[in-house]
Amino acid sequence: MEIISLGPGFAVELRGMKVAEVASDASVYSAVRAAFEQHSVLVFRNQEVDDDTQLTFSRCFGRPEVTKVGSQGTGTHFVILSTIGEDGKVVPADHRLALRNRTNQLWHTDSSFKKIPALTSVLLARIIPARGGEFVSTRLAFERLEPRLRAKLENSFAWHDYAHSRGQIAPDLASPEERAALPPQCGRLVWKNPVNDRGALYLASHAYAIEGMELTTGKKLLDELMKAATAPGTSYVHSWRSGDIVMWDNRATMHRGRPWPAHEARLMVRTTISATAVDGLETMRPSTQQAAE
Ligand SMILES: [Fe+2]
């Protein structure tokens, strides 16, 4: 397996393997897992996979999420990201699917608003958009901060709410069913990877407040951290090709879709793997006492 550097200090392409081998060969899994822990974004080119192969590959990393209410693919292990309506045509700009794609263009971390956040997302492009996805390393962003601020953030918690990120695009974009199913969640602002002991900012468009901090002050700090984490020159932009799979570490990255001409169709399929204790999940939750305060 060959590792080719793609981004500024993170993101690599893994060459010389098929993702199907990860499930059948423990040594291949170990090598891919080590690259995942170290480089945060992995790109696999020329992979011809169907839904089953994508899911089998994803399962090697943990338990797949069941797609939430209100998303395409609800009740399955697949999230369908599409701009194609039931009539087979690209939907107009004010269609709910189009608005949801605009929320995808905000910097975010998949599932930070869920009770059990995500370790990784695996994305396969079926119909290739003209523009790529953009990633930043929140691990490198954390390591760029002053030591005193890092220490403060390691002991701070942020509130994440699905309805908050949706509300930035349209006030009623999160439905009453989604709001009921996805109450706000509190998580530590720094996710420490137990494998390499490196911390990463855990932020994103769903974060709206810092626990114990006045709302405006907390929002200002979140905005400053988001700006620092997405500073010019720190991102990797992926240009999709047919047969590409991209997987990323939701603990150590943020990503966003890039705008593309509205008339061009996009169809992507995502599997998302929930984090567990070995991924550092336990340290992300406030203690019972902190949560009660
Ligand atoms: Fe996403």
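Higher on the page you've got the structure.
The rules behind these values
- Note that residues are indexed from 1 along each chain, following the sequence as it is written.
- Thresholds applied to this predicted model are a pLDDT of at least 70 for local features of residues and 80 or more for the giving and counting of side-chain atom pairs; totals over whole chains, interfaces and linings are not thresholded and use all residues.
- Hydrogens and water are ignored here; the side-chain numbers use all heavy atoms of the structure.
- Starting at the N terminus, helices and strands are each numbered in turn, a helix being any DSSP run of H or I of at least four residues and a strand any DSSP run of E of at least two.
- We compute the radius of gyration over the C-alpha atoms and compare it with the globule rule, which gives 2.2 Å times the number of residues raised to the power 0.38.
- Residue burial is assigned from relative accessible area. The probe radius is 1.4 Å, only protein chains are included, and a residue is buried under 20% of its type maximum, exposed over 50%, and partly exposed in between.
- We call two residues in contact whenever any of their non-hydrogen atoms come within 4.5 Å of each other.
- A 1.4 Å probe and the Shrake-Rupley method give the accessible areas. Residues count as covered only by the protein chains that appear here.
- DSSP bridges decide pairing: two strands pair if at least two such bridges lie between them.
- Angles run from 0 to 180 degrees between N-to-C directions of axes, and those axes are lines fitted to C-alpha atoms, restricted for helices to the stretch in contact.
- For Na, K and Ca the donor cutoff is 3.2 Å, while for all other metals N, O and S atoms must lie within 2.8 Å; water is not among the atoms, so some sites may look incomplete.
- Directions are taken from the helix axis to each C-beta atom, and the arc is the one they span.
- Between 30 and 60 degrees the pair is tilted, below 30 it is stacked and above 60 it is edge-to-face, where a pair is any two Phe, Tyr or Trp rings, Trp via its six-membered ring, whose centres lie within 6.5 Å.
- Contacts described as polar in this section are N or O atom pairs within 3.5 Å, which, within protein, must combine one atom able to donate a hydrogen with one able to accept it, while residues neighboring in sequence count only if both atoms come from side chains.
- For this analysis, a salt bridge means a side-chain nitrogen from Lys or Arg found within 4 Å of a carboxyl oxygen belonging to Asp or Glu.
- The term nonpolar core refers to a set of buried residues drawn from Ala, Val, Leu, Ile, Met, Phe, Trp, Tyr and Cys, joined through side-chain atoms within 4.5 Å.

(A) Broad picture of the overall build of the chain. When its secondary structure is counted, the chain shows ten helices and 15 strands. Taking 19 Å as the expected radius of gyration for a compact globule of 293 residues, we find that the chain reaches 18 Å, a close match to that expectation. Taking all 293 residues of the chain together, 52% fall into the buried category. Of all intrachain contacts in the chain linking residues separated by at least 6 positions in sequence, the fraction that spans at least 24 positions is 80%. Total accessible area computed for the chain in this model is approximately 13,200 Å², and 54% of it derives from carbon and sulfur atoms.

(B) Representation of the sheet that holds strand β8 (residues 185–188). One open sheet holds the three strands; their spatial order is β8-β7-β11, and the pairing between them is antiparallel. At either margin of the open sheet sits one strand with a lone partner, and together these are β8 and β11 (207–210). Across this sheet, the average inter-strand angle for adjacent strands is 35 degrees, counted without regard to direction. By the bridge criterion, three bridges tie strand β7 (residues 157–160) to β11 in an arrangement that is antiparallel. For Trp-159, the partnering residue across the bridge sits in β11 and is Ala-209.

(C) Geometry of the coordination of the iron ion. Summarising the metal site, the iron ion is bound by the protein donors His-108 (NE2), Asp-110 (OD) and His-255 (NE2), whose distances to it range over 2.1 to 2.2 Å. Motif for the iron ion, donor spacing along one chain: H-x1-D-x144-H. Residue Asp-110 is found in the loop between α4 (96–103) and β5 (118–127), and its partner His-255 is found in strand β14 (residues 253–257); the two are separated by 145 residues along the sequence. Assigned by exposure class, Asp-110 and His-255 land together as buried.

(D) Main features of helix α3 (residues 51–59). Along α3, the positions that sit buried rather than exposed are Gln-54, Leu-55, Phe-57 and Ser-58. The buried residues of α3 occupy an angular sector of 160 degrees when the element is viewed end-on, so they sit on one face. The secondary structure elements touched by the buried residues of α3 are α1 (20–24), β3 (41–44), β5, β13 (245–249) and β15 (267–274).

(E) Spatial organisation of the packing of aromatic side chains. Enumeration according to the criterion identifies eight aromatic pairs in this entry. Ring geometry for Phe-113 against Tyr-162: centres 4.9 Å apart, planes inclined by 55 degrees, an arrangement best described as tilted. Residue Phe-113 is found in the loop between α4 and β5, and its partner Tyr-162 is found in helix α7 (residues 162–167); the two are separated by 49 residues along the sequence. Residue classification places Phe-113 among the buried positions, given a relative accessible area of 7%. According to the relative accessible area criterion, Tyr-162 is buried, its value standing at 3%. Centroid distance Trp-191 to Tyr-202: 5.2 Å. Interplanar angle 70 degrees. Geometry classified as edge-to-face. Within this pair, whereas Trp-191 is found in strand β9 (residues 190–192), its partner Tyr-202 is found in the loop between β10 (199–201) and β11, the two being separated by eleven residues in sequence.

(F) Examining the side chain of Thr-138 more closely. Along the chain, the position of Thr-138 falls in helix α5 (residues 138–144). Among the polar contacts listed, one links the side chain of Thr-138 to the backbone nitrogen of Thr-253, at a separation of 3.2 Å. Not counting the four nearest positions on each side in its chain, Thr-138 is found in contact with Ala-200, Leu-201, Arg-251, Ala-252, Thr-253 and Met-254.

(G) A look at the pattern of salt bridges. Per the stated rule, a full pass over the model turns up 15 salt bridges. Across the pair Lys-114 and Glu-65 runs a salt bridge whose closest N-O atoms are separated by 2.6 Å. In this pair, Lys-114 is assigned in the loop between α4 and β5 and Glu-65 in the loop between α3 and β4 (79–82), connecting sequence segments 49 residues apart. Accessibility classification places Lys-114 together with Glu-65 in one group, the buried group. Measuring nitrogen to oxygen at the nearest pair gives 3.1 Å for the salt bridge that ties Glu-134 to Arg-258. On the criterion of sequence distance, the pair formed by Glu-134 in strand β6 (residues 133–137) and Arg-258 in the loop between β14 and β15 is long-range, its members being 124 residues apart. Taking the relative accessible area as the measure of exposure, Glu-134 reaches 6% and is therefore buried. Given the relative accessible area of 30%, Arg-258 is considered partly exposed. Members of the salt-bridge network, linked through shared partners, are Arg-33, Glu-37, Asp-249, Arg-251 and Asp-279.

(H) Representation of the nonpolar core. Ranked by size, the top nonpolar core spans 25 residues in total, and within it Leu-14, Val-32, Leu-42, Phe-44, Phe-57, Phe-61 and Met-247 carry the most contacts. Of all the elements, helix α2 (residues 26–39) adds the most residues to this core, at four residues. Among all residues touching Phe-61, those that are not within four sequence positions of it are Val-22, Tyr-29, Val-32, Arg-33, Leu-119, Thr-120, Met-247 and Ile-273.

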